[in-house]
2 protein chains.
Amino acid sequence: MSGLPQGVDVRLAAARLQGVTVRTPLLECAALNERVGGRILIKPEVLQRTGTFKFRGAYNRLVQLTPHEREAGVVAWSSGNHAQGVAAAAALLGIKARIVMPADAPRIKTERTAALGAEIVPYDRLRDDREAIGRALAAAHGAIIVPPYDDPQIVSGQGTVALEIAEDAARLGLTLDALLAPAGGGGLIAGMCLALGDASPATKIYSVEPTGFDDHRLSLIAGKRVANEAGGNSFCDALLAPMPGALTFEINRARLAGGFAVSDDEVAAAMRYAFTEMKLVVEPGGAVALAAVLSGKIDARGKTVAVVLSGGNVDPRLFARVISGL
Amino acid sequence: MSGLPQGVDVRLAAARLQGVTVRTPLLECAALNERVGGRILIKPEVLQRTGTFKFRGAYNRLVQLTPHEREAGVVAWSSGNHAQGVAAAAALLGIKARIVMPADAPRIKTERTAALGAEIVPYDRLRDDREAIGRALAAAHGAIIVPPYDDPQIVSGQGTVALEIAEDAARLGLTLDALLAPAGGGGLIAGMCLALGDASPATKIYSVEPTGFDDHRLSLIAGKRVANEAGGNSFCDALLAPMPGALTFEINRARLAGGFAVSDDEVAAAMRYAFTEMKLVVEPGGAVALAAVLSGKIDARGKTVAVVLSGGNVDPRLFARVISGL
């Protein structure tokens, strides 16, 4: 993986996050292992600050701002989880955060972002250009833009998830055959590629996406960035980015073994499974990698497979419907 | 604590459980710490095999059976969580398990116990004597009875929860000011008393129970075992034992600092909090200790307080109602 941008350093990010992030555990569920006939190592980033891994990248970016930049504040756009990550990191560091969020984002995400002290700027997901709104806002305040994924410091921060998985797996004496993680813009999985690139070359890394938003899968096949077809629909609100990021795809194409796509029904079944057997609250977008394992997209028999549950910010009414099977 | 029964040895139990139980993590939730102004260390036994700590005691008891005893099988009575613990331990060890369960036990508990291969013997909670049914069953098959709490090996197994808490707290450089855990028959909290007795004498240990079933609290005040008044009602199905166990109370009276009682509304609020902020699925009985913290029964300001979330086996429809606030 030559030609990587400067500044992408997952180990440095890990040092910055030490004592600030939750060191999430690596869990096993006997019922799940028995069901698939392998060892599934669950990385529950739902237990992370703000209920998602997004805090890692956001904090890694914000903590490196100069005093002058901190003064001016930050701007971000996000469907909700990056919003909370930026808001929480900004609050910890005493930085003003303005977040451009879809007017139809899950209420739990808007409310939690506001509760962290950020200013919410709503936009219409179908009509408005959120980046244009964000850039105008940043220009007006001289504020720094914190992109959701296409940024070396964001990618490095997210990659610490994989460093922790690798450390804990090594402690168990296990070698990872595969690692599955959700992909929206591809920041998490790109960071994981960087983190495992050298440490665990034999591990196959797969992106998992909702069907219709499987732009990583299609881009890997095409060998170049491909956008999702318009008109797709999925309840995985965290994973609806239109196409892979430029930086993230540069990293991912060099390291990913492939991509899987899962249906909303398979995701709902995974959320129910996590509720019943694992006692974890997982949002739709956070459950896609587990859905890939449960629906047999990957054959885990005799294998050691790490699965990232990337977020748990789901509206109670939606969660109630999903676990009731309605 | 002189005069303790022989065989109560939490460290031996920990050695037996090594590699069989889930070493559940000790979690912190930034939002919770900020809310109470202290450090709350969460021990999520919902992540344990079968979704509750009960597996610990059951396995510790069953693994010590002789080959002849294993042949004859085991009998237990339980509202559902001990049932699953015994069924899972029996399945791992190739032992036949017969479990006497209330006909109105949460369906998730009956189903999961049956799925583990146990034979379910239903009884009427208001009319039948479950112990009599269990004893008759054991006599008929020459089977060993595995009591839910009043047994040295069960108590020792449950106590491993506190050993792990103490180890992880020490690793964080923290001294526990208090430890709160649910009490039904008192097996978990008795095991924790034994485990912390020597290791952490400054730690105050409190039982937490649903109002109307706060027999530990009342018994500690009275200095002797007191039964709950008849006619009480609570949705904490795991904590409806009529009075403290004889063995468990002997241990608990010597070490407990006191007991708290929480209302069903406070428990429901704690379940919602665990869903929203901690992304954990907790059943009513498993959430009482968190409820005590959130409702201010204990002042955690400036303190380090460990809280056990003891189980997560809750019917999806009940959980859906609770998180929707209905």
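Residues numbered from 1 in each chain as written. Chains lettered and ligands numbered in written order. Predicted model: local features only at pLDDT ≥ 70, side-chain atom pairs only at ≥ 80, totals over all residues. Heavy atoms only, no water.

Things to note about the pairing of strand 3 (residues 97–102) of chain B
Residue and element names in this part refer to chain B. The buried fraction of strand 3 is high, at six of six residues. As judged from the four bridges shared by strand 2 (residues 74–77) and strand 3, these two strands associate in the parallel manner. Looking at the pairing, A76 lines up with I99 of strand 3. The parallel pair strand 2 and strand 3 is bridged by helix 5 (residues 81–93), and the resulting crossover is right-handed. As paired elements, strand 3 and strand 4 (residues 119–123) share five bridges and run parallel to each other. When the bridges of strand 4 are listed, V100 appears paired with V121. (Buried < 20%, exposed > 50% of the residue type's maximum accessible area, 1.4 Å probe, protein only. Helix = DSSP H or I, 4+ residues; strand = E, 2+ residues; numbered from the N terminus. Pairing = 2+ DSSP bridges. Right-handed = clockwise from strand over helix to strand, strands pointing away.)

Re the packing of helix 5 (residues 81–93) of chain A against helix 6 (residues 107–115) of chain A
All names here are of chain A. At a closest axis distance of 9 Å, the pairing of helix 5 and helix 6 adopts a crossing angle of 10 degrees. In terms of orientation, helix 5 and helix 6 fall into the roughly parallel class. Touching N81, A83, Q84 and A87 of helix 5 are K109, R112 and T113, all from helix 6. Class assignment of the residues belonging to the contact of helix 5 with helix 6 gives a composition of two nonpolar, three polar and two charged. (Axes fitted to C-alpha atoms, helices over the stretch in contact; angles between N-to-C directions. Parallel < 35°, antiparallel > 145°, perpendicular 65-115°, else oblique. Contact = heavy atoms within 4.5 Å. Nonpolar A, V, L, I, M, F, W, Y, C, P; charged D, E, K, R; others polar.)

Topic: unusual backbone geometry
All names here are of chain B. Phi at T50 takes a positive value of approximately 70 degrees, unusual for a residue other than glycine. Mapped onto the elements, T50 comes out in the loop between strand 1 (39–44) and helix 3 (54–62). By relative accessible area, which is 12% here, T50 ends up buried. One non-glycine residue with positive phi stands out, namely K279, at about 60 degrees. Locating K279 in the fold gives a position in the loop between helix 12 (264–278) and helix 13 (288–294). Taking the relative accessible area as the measure of exposure, K279 reaches 0% and is therefore buried.

Brief notes about helix 10 (residues 215–222) of chain A
All names here are of chain A. All buried positions along helix 10 are accounted for by D215, H216 and S219. On an axial view of helix 10, the arc spanned by its buried residues comes to 95 degrees, and they lie on one face. On the buried face of helix 10, the contacting elements are strand 7 (204–210) and helix 11 (246–255). Backbone geometry just downstream of helix 10 places G223 in the positive-phi region, at approximately 75 degrees. (Arc of directions from axis to C-beta.)

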